[in-house]
Each structure stands twice: as C-alpha cells, then as structure tokens.
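Secondary and tertiary structure notes
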Amino acid sequence: MSETAVQRLEEIRARIRAAEEEARRPAGSVELVAVSKTFEADDIRPVLGAGQRVFGENRVQEAGAKWPALREEFTGVELHLIGPLQSNKAAEAVALFDVIETVDRDKIAGALKKEMERQNRRPHLYVQVDIGEEAQKAGIAPREAAEFVRRCRESHGLAIEGLMCIPPVAEHPGPYFALLQKIAGEAGVPKLSMGMSGDFERAIPFGATSVRVGSAIFGHRAAKDPA
Ligand SMILES: *Cc1c(COP(=O)(O)O)cnc(C)c1O
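For every chain, the first residue of the written sequence is number 1, and numbering continues from 1 along that sequence. Reporting of local features is limited, given that this is a predicted model, to residues whose pLDDT is at least 70; pairs of side-chain atoms are given and counted only at 80 or more, and all residues count toward the totals for whole chains, interfaces and linings. Hydrogens and water molecules were not included; the side-chain quantities draw on all heavy atoms of the structure.

Notes on the overall build of the protein chain
Rules: Strands here are runs of E lasting at least two residues and helices are runs of H or I lasting at least four, both read from the DSSP assignment and numbered beginning at the N terminus. We compute the radius of gyration from the C-alpha atoms alone; for a globule the expected value is 2.2 Å times N to the 0.38, where N is the number of residues. Each residue's exposure class comes from its accessible area (1.4 Å probe, protein chains only) as a fraction of the maximum for that residue type: buried when under 20%, exposed when over 50%, partly exposed otherwise. Contacts are assigned to residue pairs with any non-hydrogen atoms lying within 4.5 Å of each other. Areas reported here follow the Shrake-Rupley algorithm with a probe of radius 1.4 Å; residue values treat only the protein chains shown as occluding. In this tally, Lys and Arg are treated as positive and Asp and Glu as negative; His is ignored, and so are the chain termini. For charged residues, the charge sits on one atom: NZ in Lys, CZ in Arg, CG in Asp, CD in Glu.
Across its full length, the protein chain holds nine helices and eight strands. On C-alpha atoms alone, the protein chain measures out to a radius of gyration of 17 Å, which is about the 17 Å that the 2.2 N^0.38 rule sets for 227 residues. Once the C-alpha set of the protein chain is aligned to its principal axes, its extents read approximately 55 × 40 × 30 Å. Taken across its 227 residues, the protein chain has 50% of its residues classed as buried. Of the contacts made within the protein chain by residues no fewer than 6 positions apart, 59% connect residues no fewer than 24 positions apart. A total accessible area of about 10,800 Å² is found for the protein chain, and carbon and sulfur atoms account for 51% of it. A gap of 3 Å separates the mean positions of the 31 positive and 34 negative side-chain charges of the protein chain.

Brief notes about the pattern of salt bridges
Stated precisely, the cut-off is as follows: Take a side-chain nitrogen of Lys or Arg and a carboxyl oxygen of Asp or Glu: if they are within 4 Å of each other, that pair is a salt bridge.
Evaluated as defined, the whole model comprises 17 salt bridges. Glu134 serves as the salt-bridge partner of Lys137, at 2.8 Å between the closest nitrogen and oxygen. Judged on exposure class, the residue Lys137 and its partner Glu134 are both buried. Through salt bridges that share partners, Asp106, Glu147, Arg150, Arg151 and Glu154 make up one connected network.

Description of unusual backbone geometry
With a phi close to 70°, Thr38 is a non-glycine residue in the positive phi region. Residue position: Thr38 is located in the loop between β1 (31–35) and α2 (41–49). Assessed through its relative accessible area of 31%, Thr38 is described here as partly exposed.

What to know about the environment of Ser215
Along the chain, Ser215 falls in helix α9 (residues 215–218). With a relative accessible area of 32%, Ser215 lands in the partly exposed category. C-alpha of Ser215 to C-alpha of Lys37: the two residues are 178 residues apart in sequence and 9.6 Å apart in space. Those residues in contact with Ser215, other than ones at most four positions away along the chain, are Ser197, His220 and Arg221.

Description of the side chain of Thr209
Inspection of the secondary structure puts Thr209 in the loop between α8 (200–203) and β8 (210–213). Discounting residues that sit within four places of it in the chain, Thr209 has contacts with Arg25, Ser29, Val30, Glu31, Pro190, Lys191 and Leu192.

Structural notes on the nonpolar core
Inclusion rule: Take the buried residues of types Ala, Val, Leu, Ile, Met, Phe, Trp, Tyr and Cys, join any two whose side-chain atoms come within 4.5 Å, and each joined set is a nonpolar core.
In terms of nonpolar packing, the biggest core is built from 64 residues, with Val103, Leu112 and Leu163 touching the most fellow members. The biggest single contributor to this core is helix α7 (residues 174–187), with six residues. Contacts of Leu163, omitting those with residues within four sequence positions, involve Tyr126, Val127, Val129, Val149, Leu180, Ile183, Ala184, Val189, Lys191, Leu192 and Ser193.

Comments concerning the packing of aromatic side chains
To keep it simple, the criterion reads: Note on ring pairs: Phe, Tyr and Trp rings are taken, using the six-membered ring of Trp, and paired if centres are within 6.5 Å. Classes follow the plane angle, with under 30 degrees stacked, over 60 edge-to-face and the rest tilted.
Applying the stated rule across the entire model yields two aromatic pairs. Judged by centre distance (5.3 Å) and plane angle (25°), the rings of Phe39 and Phe218 are stacked. With a gap of 179 residues between them, Phe39 in the loop between β1 and α2 and Phe218 in helix α9 connect regions that are remote in the sequence. We note that Phe39, like Phe218, is buried.

These figures come from the coordinates and say nothing about function on their own.
The structure is reproduced here in structure tokens:
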C-alpha cells in the first residue's frame, strides 16, 4: 500500500529529529523545506493541512501561479526560491519569496537590491555555491564564495544570511557538506541549506540549518529538472 504525502512528511520529520540527536544538535535546529516544485496545489494542500509551512520552489513563474491562492487559504507560509534566478525575474522573485537561496552573481545581487528598495520588501538571501565545480550547475565557485559574500554586503548592501549547495550526484556528499560548512565559517554566514531526499541525514552532522526535501515527501516527479 502506498503512503500518503502526509505520512511521508511525518517520517521525514522523525528522521530529522533522529539525525539531530545523533549529531548532538538541539531538537528543532534543522528546518524542513518541503520542495513542492512540479506538484499541484491539490498535492500541496494536505501537507499544509498537516502543519508544514516552509516550502521550496525552483521556478519563479510556477511558484507565482500556485502560491498566492494557497497563501490565502493558509497563514504563515514561508516560500524559498531554490532554483536559478534571472535578473529579469528579480521583481517577481522579491514580491513572491521570503528566502532567495540562489544569489550567485553580481548582476543578480544588484537586481535584487534595486527591487528590494523599490518594493520595500526584504527577503532573506543565501548565496548558492557550486560546491563540486560542475560546469552545468549554477552557483559561485567555492574559492570565490567568501569574497562574493563580502561584495554582496559591502558593494551591494545586501545582508547574506546563508549558503546553499547541491553536491554532485553519485558521489559521497560528506566532503562537499564539510566544504560548505568551512566556507560559511570564513564568510561569517550562520545558515546552511544543504541535504535533499537522498542525503539530508548526512548534511545534519555538518551543520545544515535547513534541508530541502521534495520527492521523499511528495513522491516521484514526472519532469526532470534543469540543474
Ligand atoms: C528539486 C530540488 C530539491 C529536492 O530534491 P529531492 O531529491 O526531490 O528531495 C532540493 N534542492 C533543489 C535546489 C532542488 O532543485
């Protein structure tokens, strides 16, 4: 018999609690971002009904089509952008998201700053690091990351609160999580968004403050995502 998304959500929460305990971290120190990309409002509603409030989407346009209506039904939703951002979507992203995890170049930083002032909205910002230096993945190179965070703060006037990464598939993620943790220390950022359905438990000992879990809650996605 197949489980429901709500049952899987409860299992993921329990596994996060167990991993926190195993890593001797305080209960509740790791936030669950439920990644609802490609799923319809009807699939998301039961998960909201079960009390989950933090969600991740990878496309501005898709999130804009689904979430304004869901936010009218459920209060306290916190929406994270976890996919690449184009500067021509900065206005929409600032209007829609509470956390933008994918700041990765000066052009985006500048566009976000301008929109944040214009709209008088202050989404929390994370820098995405291309932790495995993969050409096809978005993000700033690891060795440039701390300097980019400094530029965001000093040249663009943006408060950067976290780092985000997606390790290479089919490799042990531990060394990549360790590297992101080290860069966060150098850059002086407190939040670490790392770990997905297949490896979130392994990100928790390396200091993940949020994990982004999609298919382990919502099930298999029909469409393959762009990297
Ligand atoms: C899709 C996606 C996830 C969730 O992936 P799952 O393997 O389904 O948990 C997490 N982070 C990012 C950036 C994604 O695009």
